[in-house]
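Survey of secondary and tertiary structure
Okay, here's what each chain looks like letter by letter:
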Amino acid sequence: VLEGFGQSSPVIMNNRVFVTSVRGELKDTLVVQCFQLADGRLEWTRELKGTQPIADSNYVSKAAPTPIADEENVYALFESGDLCAIDHAGKVVWERSLVK
């Protein structure tokens, strides 16, 4: 089950599907999830705290930027300006605010 709401495209890498979403009235919870491609089983969910609150409405995007992945990590950029790298096992490698 997708945590929160997301409009990004899923990304497939090495039999895994990575998706992003946001939660909260200020879209302050940023979510990256990993599912098994074969059966849809959830492998892990990582939640990060957004650094720039953005009021939720039907007039702005909701986790629209599509993540990218390479052999080591999945990278997600959120509309709050927060960027993160998470390894394929679900460990947060780093996170940055591009706005601060």
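Residues numbered from 1 in each chain as written. Predicted model: local features only at pLDDT ≥ 70, side-chain atom pairs only at ≥ 80, totals over all residues. Heavy atoms only, no water.

1. Digging into the side chain of serine 8
Structurally, serine 8 can be placed in the segment before strand E1 (11–13). At 2.8 Å, the side chain of serine 8 forms a polar contact with the side chain of threonine 20. (Helix = DSSP H or I, 4+ residues; strand = E, 2+ residues; numbered from the N terminus. Polar contact = N/O pair within 3.5 Å; in protein donor to acceptor, adjacent residues only side chain to side chain.)

2. Here we look at the pattern of salt bridges
Where charged atoms from two side chains of opposite charge come close, those side chains can pair. A full pass over the atoms with the stated rule returns five salt bridges. A salt bridge links glutamate 43 to arginine 16; its shortest N-O distance comes to 3.1 Å. A residue pair is termed long-range when its members are at least 10 positions apart, and glutamate 43 in strand E4 (residues 42–49) and arginine 16 in strand E2 (residues 16–23) qualify at 27 residues. Classification of glutamate 43 by relative accessible area gives partly exposed; the value is 27%. By relative accessible area, arginine 16 is classed as partly exposed at 22%. Of the charged contacts, one joins arginine 23 and glutamate 47 as a salt bridge, the two residues approaching to 2.7 Å between their closest N and O atoms. You can see arginine 23 sitting in strand E2 and its partner glutamate 47 sitting in strand E4, a full 24 residues away along the chain. Judged by its relative accessible area of 44%, glutamate 47 falls in the partly exposed class. The structure contains a network of salt bridges with shared partners spanning Glu3, Arg23 and Glu47. (Salt bridge = Lys/Arg side-chain N within 4 Å of Asp/Glu carboxyl O. Buried < 20%, exposed > 50% of the residue type's maximum accessible area, 1.4 Å probe, protein only.)

Everything listed here is a matter of geometry and, on its own, says nothing about what the molecule does.
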